[in-house]
Amino acid sequence: LLSEEDKQVYPALADTLEQKNAMLVRSMEDEFDNLLSTAKEELSLLGADSFVTKKSTADTQIRRADSVVVSILSDSYLVYGNISDRGLIGTTYDTESGRELAITDVIRDMSRIPAIVKEELQSHTWAGEFLSDTAVEDYFRDTPADGLSWTLDNNGVTFYFGNCDVAEIGPGGRLAATVSFAEYPDLFEAKYTAVPDAYM
């Protein structure tokens with residue numbers, strides 16, 4: 001949440017972030033209730049010897065926060081015995097208006113993104129195999145723009161991939177690829193590549 005000083009300067013953003021925070025708190029409280037009731041039920045049915053611990057965590061990372069944008073990555077991890085899952089959700093807000101930005105507000109030409117991301121993953125991040133030769137292209141073609149997980153930082157836009165989005169990386173793993181402002185300046189709306197000196 002914003003400081004009192006920043007709330008005065010960016011009231012719309014402060015409102016938006018307070019709503020998001022309240023939603024996250026409610027979500028984790030609901031998750032706690034679900035875990036507790038499931039654990040009680042399994043403990044009474046299976047007994048202590050067969051009971052398996054369950055957990056759910058949520059980590060919020062601020063990827064960028066300045067007078068242009070605030071970009072947040074929510075990283076959640078769930079373990080229910082042998083079942084585990086990881087969720088990565090990026091949310092980026094225009095600081096002035098408090099409005100959530102779509103990827104198309106930031107990147108001018110999404111048609112070039114799959115090839116850039118694939119190259120970035122292959123050359124810097126992913127030593128394994130993709131689900132197919134066209135897995136990255138298929139993912140961007142088949143996933144609606146509002147279903148993509150991305151954040152905006154000082155260097156560019158980072159896209160996040162969960163297990164089986166483009167490769168089998170295991171339920172707790174993740175892949176990420178950054179499309180750099182410096183390498184592809186023409187791809188981005190200029191407003192978002194200008195990183196101010198002053199940060200919130």
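*Asks:* Help me out: how do you make sense of the overall build of the protein chain in this one?
*Replies:* A count of helices and strands for the protein chain gives 6 helices and 6 strands. Its C-alpha atoms give the protein chain principal-axis dimensions of about 60 × 50 × 25 Å. Scored against the burial criterion, the 200 residues of the protein chain give a buried share of 38%. Nonlocal contacts in the protein chain, meaning residues at least 24 apart in sequence, comprise 57% of its contacts between residues at least 6 apart. When the accessible surface of the protein chain is split by element, carbon and sulfur atoms take 49% of a total near 11200 Å². Computed over 16 positive and 36 negative side-chain charges, the separation of the two mean positions in the protein chain equals 1 Å.

*Asks:* Mind showing me how you'd approach the side chain of threonine 91 here?
*Replies:* For threonine 91, the location among the structural elements is in strand β3 (residues 83–94). Within the structure, the side chain of threonine 91 is placed 3.4 Å from the side chain of lysine 20, a separation counted as a polar contact. Sequence-distant contacts of threonine 91, defined by excluding residues within four places in its chain, comprise Lys20, Val70, Ser71, Ile72, Glu100 and Trp150.

*Asks:* Help me out: how do you make sense of the packing of aromatic side chains in this one?
*Replies:* The way to describe two aromatic rings as a pair is by their centre distance and the angle between their planes. Scanning the model with the defined rule gives 5 aromatic pairs in all. With 5.2 Å between their ring centres and 70° between their planes, tyrosine 139 and phenylalanine 161 make a pair best called edge-to-face. Of this pair, tyrosine 139 sits in helix α5 (residues 135–142) while phenylalanine 161 sits in strand β5 (residues 156–161), placing them 22 residues apart in sequence. A relative accessible area of 12% means that tyrosine 139 is categorised as buried. Residue class for phenylalanine 161 comes out buried when judged on its relative accessible area of 1%. Taken together, Tyr139, Phe140, Phe159 and Phe161 form an aromatic cluster joined through their ring pairs.

*Asks:* Just checking my understanding: could you explain the nonpolar core for this structure?
*Replies:* Looking at soluble globular proteins, one finds that nonpolar side chains tend to be buried together. Ranked by size, the top nonpolar core spans 31 residues in total, and within it Val117 and Phe159 carry the most contacts. Among the secondary structure elements, those contributing two or more residues to this core are α3 (103–106), α4 (113–125), α5, β4 (149–152), β5 and β6 (175–180). Ranked by size, the runner-up nonpolar core spans 9 residues in total, among them Leu2, Tyr10, Ala14 and Ile72.

*Asks:* Quick question: what am I supposed to make of the pattern of salt bridges here?
*Replies:* The full count for this structure, using the stated rule, is 11 salt bridges. With its nearest N and O atoms 2.7 Å apart, the salt bridge here joins arginine 64 to aspartate 66. In this pair, the class of arginine 64 matches that of aspartate 66, namely buried. In this structure, aspartate 105 engages arginine 99 in a salt bridge whose closest nitrogen and oxygen atoms are separated by 3.2 Å. What makes aspartate 105 partly exposed here is its relative accessible area of 24%.

*Asks:* It is not clear to me how the sheet that holds β5 should be interpreted in this structure. Could you clarify?
*Replies:* Each strand in a sheet pairs with another by means of backbone hydrogen bonds, the pair being arranged parallel or else antiparallel. Read across the sheet, 3 strands follow the order β4-β5-β6 without closing on themselves; strand pairing throughout is antiparallel. The open sheet terminates on both sides in strands that have one partner only, identified here as β4 and β6. Between one strand axis and the next, the sheet turns by 20° as a mean value, whatever way the strands run.

*Asks:* How do you make sense of the pairing of β4 when you look at a structure like this?
*Replies:* A regular strand carries its side chains on alternate faces of the sheet. Here β4 shows two buried faces, one formed by Ser149 and Thr151 and the other by Trp150 and Leu152. The pairing of β4 with β5 spans 4 bridges and is classified as antiparallel. Of the residues in β5, the one forming a bridge with leucine 152 is valine 157. Connecting the antiparallel pair β4 and β5 is a turn made up of 3 residues.

*Asks:* What is the right way to read the side chain of threonine 143 from this model?
*Replies:* By secondary structure assignment, the location of threonine 143 is in the loop between α5 and β4. Within the local environment of threonine 143, its side chain forms a polar contact with the backbone oxygen of tyrosine 139, the two atoms lying 2.7 Å apart.

*Asks:* Is there a simple way to think about α5 in this case?
*Replies:* The α-helix winds at 3.6 residues per turn, so residues separated by three or four positions along the chain end up facing the same way. Ala135, Val136, Tyr139 and Phe140 are the residues of α5 that are buried. For α5, the angular spread of the buried residues around the axis is 130°, confining them to a single face. Away from its buried face, by an angle of more than 90 degrees, α5 presents the exposed residues Arg141 and Asp142.

What counts, and at which threshold
Here the residue index of a chain counts from 1 through its sequence in written order. With the structure being a predicted model, the display of local features is reserved for residues of pLDDT at least 70 and the display and counting of side-chain atom pairs for 80 or more, all residues being used for whole-chain, interface and lining totals. With hydrogens and water excluded, all non-hydrogen atoms of the structure serve as input to the side-chain values. By definition, any uninterrupted DSSP run of H or I lasting at least four residues is a helix, any uninterrupted run of E lasting at least two residues is a strand, and each is numbered from the N terminus. Only protein chains enter the accessibility calculation, which uses a 1.4 Å probe; a residue whose area is less than 20% of its type maximum is buried, one above 50% is exposed, and one in between is partly exposed. Only heavy atoms matter for contacts: two residues are in contact if any of them lie within 4.5 Å across the pair. In this description, accessible areas are obtained by the Shrake-Rupley approach with a 1.4 Å probe, and a residue is regarded as covered only by the protein chains that are shown. Charged-residue counts in this description rest on Lys and Arg as positive and Asp and Glu as negative, His and the chain ends being excluded. Charge coordinates come from a single atom per side chain, which is NZ of Lys, CZ of Arg, CG of Asp or CD of Glu. Under this definition, polar contacts are N or O atom pairs within 3.5 Å; protein pairs additionally need one hydrogen-donor-capable and one acceptor-capable atom, and for neighbouring residues in sequence, both atoms have to be side-chain atoms. Two rings from Phe, Tyr or Trp (for Trp, the six-membered ring) form a pair when their centres sit within 6.5 Å of each other. Planes less than 30 degrees apart are called stacked, planes more than 60 degrees apart edge-to-face, and all others tilted. To form a nonpolar core, buried Ala, Val, Leu, Ile, Met, Phe, Trp, Tyr and Cys residues must be joined to one another through side-chain atoms within 4.5 Å. A pair is scored as a salt bridge if a Lys or Arg side-chain nitrogen falls within 4 Å of a carboxyl oxygen belonging to Asp or Glu. Being paired, for any two strands, means DSSP has found at least two bridges between them. As a rule, the C-alpha atoms of each element are fitted with a line to give its axis, helices using only the stretch in contact, and angles between N-to-C directions run from 0 to 180 degrees. Think of it as the arc spanned by the lines of direction from the helix axis to the C-beta atoms.

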